[in-house]
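Chains, contacts and geometry: an overview
Below, each chain spelled out in residue letters.
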Number of protein chains: 2
Amino acid sequence: MIILKLGGSIITCKGEVQPTLNQENLDRISQEIRNSQVKELLIIHGAGSYGHPPAHHYQIGSPLKDEKDLEQKREGFCVTHQLVQELNLAVCRALITAGIPAAPLSPSSFIHTHNKRITDFKTDLITEYLDLGLVPVLYGDVVLDRDLKIRMAVLSGDQILQYLAGKLKAERVILGTDVDGIYNRNPKTHPNAQLIPLVTPEDELNFLEGAHTVDVTGGMGGKVKELLRLAEKEVESQIINLNTEGLLERALMGDKVPGTWIKKTK
Amino acid sequence: MIILKLGGSIITCKGEVQPTLNQENLDRISQEIRNSQVKELLIIHGAGSYGHPPAHHYQIGSPLKDEKDLEQKREGFCVTHQLVQELNLAVCRALITAGIPAAPLSPSSFIHTHNKRITDFKTDLITEYLDLGLVPVLYGDVVLDRDLKIRMAVLSGDQILQYLAGKLKAERVILGTDVDGIYNRNPKTHPNAQLIPLVTPEDELNFLEGAHTVDVTGGMGGKVKELLRLAEKEVESQIINLNTEGLLERALMGDKVPGTWIKKTK
């Protein structure tokens, strides 16, 4: 089974004040998935401009102050979930239109966290969806948290990805982002930055120690850390740029494509 | 805790070829709930013109014939779920707009059936939503079925209602429909039909034996049977007409309103 993560920056227009869909990307990506004829696929998408602004505005996940604050956060929980579910509906609509049997599983309906981390959740139903030939679609969401100091938390698509890929022993993870992969320094400020084709857990210490000076691409540090943990569990990942037409289709088919692999060396 | 069922015929325009929302009803009902200031509420809504036509078209729940049929039904599962989720999004949007902290729980994400019946599902998370002061919203949906002859089934809002009201020991159930309650004969064909204010489990045999001649209002027979089972478990229900302005608000506040009660006599 392949797990595909569709970054929020790919399916939405990040930085917009209003939640805005990147319908063009969504339709093309759906068509590429369809063309690849991949068997056994699970999709996780980010929340992008739908989820981040309200979750931030209502400070979901920060300690509860008083009854008034709880009331505000309750509202924030509902509003944020409503928006990410709107996004999920749009993602699934595009997938279904392209002929992919996409069936959403809503994280807040069956996952909770303890101090913002998943400790365990039942994956039986997800496995049954896969067995039936359906494509489960999960997403970054707000969930209930059992830490009584916060009670509600943001659960990122990346955390779901890491949990599921490990538990379901994914054959491969594809992290679809808006950059080509991991660079030895920030390509936005260093024109000579070079793409690193392979990162291994053995690199980890150097890589992360150097992360302050040898820049990793914006926001990618945390993701790489999670993927390195997966590599330790024998789950291979590749980071590719979903703004590049045709790349996802080829990656799903197993072709060699530009990007960064994160895996153990044999 | 009160469980409120919003019938599909109230929140959608049943009989329409295209899924059509009854936005006016939805806004008014949301406002009535808000005005009632009810504490601890759980809402379940039907699928109406969003769910019934596709579920019927794709024959979800009928025995699988072959691989081609499975493929068709997979598509039907996705399309039907997509539509009921659209409806759920609209219901929650109306509730949130009225100031109710509505948080949907998607049945297909955590409930499965065995030959079309719920045998068991975890309700911990629902209880946690309630404890936090949120209003969980569930709905009629398509779900995976563990009977290998069908594998997918329609799960009605009424079945969820019966299961949850019993398991969570609801204080009261309000079944909001488009009729005033149970009549001694079909009021559409018998102008002298009389509303029955109280049905008890002791009436059950006569009532159901007479159901062929003494008409119960269209489609109500099965619902009454389920509610009588709840009455046996000490859960009281009332059937009221949600097309009548203000009735729901008063019912939620505990006022005496026209309709039919289904409960044990003391």
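Scroll up to find the structure.
Residues numbered from 1 in each chain as written. Chains lettered and ligands numbered in written order. Predicted model: local features only at pLDDT ≥ 70, side-chain atom pairs only at ≥ 80, totals over all residues. Heavy atoms only, no water.

Residues and elements named next belong to chain B. Here helix α3 (residues 48-57) crosses helix α4 (residues 67-97) at 175°, and the two axes come no closer than 8 Å. On the basis of their axis angle, the class for α3 and α4 is roughly antiparallel. Here α3 contributes Tyr-50, Gly-51, Pro-54 and Ala-55 to the contact with α4, which in turn contributes Thr-80, Leu-83, Val-84, Glu-86 and Leu-87. Residues that form the contact of α3 with α4 fall into these classes: 6 nonpolar, 2 polar and 1 charged. (Axes fitted to C-alpha atoms, helices over the stretch in contact; angles between N-to-C directions. Helix = DSSP H or I, 4+ residues; strand = E, 2+ residues; numbered from the N terminus. Parallel < 35°, antiparallel > 145°, perpendicular 65-115°, else oblique. Contact = heavy atoms within 4.5 Å. Nonpolar A, V, L, I, M, F, W, Y, C, P; charged D, E, K, R; others polar.)

Expressed as a screw operation, the relation of chain B to chain A combines 0.0 Å of axial shift with a rotation of 180°, fitting to an RMSD of 0.0 Å. Taken together, the rotation and translation describe the operation of a two-fold axis. Most of the interface of chain B is mirrored in chain A: 100% of its interface residues are interface residues there too. (Least-squares fit on C-alpha atoms with pLDDT ≥ 70 in both.)

Negative charge collects at one region of the surface, where A:Asp66, A:Glu67, A:Glu71 and A:Glu75 lie side by side. The residue A:Glu67 is located in helix α4 (residues 67-97) in this model. (Patch = residues over 30% accessible without salt bridge, like charges linked within 9 Å, V, L, I, M, F, W, Y side chains within 5 Å. Areas by Shrake-Rupley, 256 points an atom, 1.4 Å probe, with all protein chains shown as cover. Salt bridge = Lys/Arg side-chain N within 4 Å of Asp/Glu carboxyl O. Lys, Arg positive; Asp, Glu negative; His and termini not counted. Charge placed at Lys NZ, Arg CZ, Asp CG, Glu CD.)

Turning our attention to the environment of B:Leu4. Residue and element names in this part refer to chain B. Looking at where Leu-4 falls in the secondary structure, it is placed in strand β1 (residues 2-6). Measuring from C-alpha to C-alpha, the distance between Leu-4 and Ile-174 comes to 4.8 Å, with 170 residues separating the pair along the chain. Setting aside residues no more than four positions away along its own chain, Leu-4 makes contact with Ile-33, Leu-41, Leu-42, Ile-43, Ile-44, Ile-174 and Leu-248.

On to the packing of aromatic side chains. Applying the stated criterion across every chain, the model contains 6 aromatic pairs over all chains. A centroid spacing of 6.0 Å and a plane angle of 70° characterise the contact between A:Phe77 and B:Tyr129, whose relative ring orientation is edge-to-face. With one member in each of two chains, A:Phe77 in helix α4 and B:Tyr129 in helix α6 (residues 124-131) form a pair that bridges those chains. Each member of the pair A:Phe77 and B:Tyr129 is classed as buried. Ring geometry for B:Phe110 and B:Phe121: centres 5.5 Å apart, planes at 80°, overall edge-to-face. Of the two residues, B:Phe110 is situated in helix α5 (residues 107-110) and B:Phe121 in the loop between α5 and α6; the sequence distance between them amounts to 11 residues. Here B:Phe110 matches B:Phe121 in class, with each residue buried. Directly above the ring of A:Trp261 sits A:Lys263, whose terminal nitrogen or CZ lies 4.6 Å from the centroid. (Phe/Tyr/Trp six-rings, centres within 6.5 Å; stacked < 30°, edge-to-face > 60°. Buried < 20%, exposed > 50% of the residue type's maximum accessible area, 1.4 Å probe, protein only. Lys NZ or Arg CZ within 6 Å of the ring centre and 35° of its normal.)

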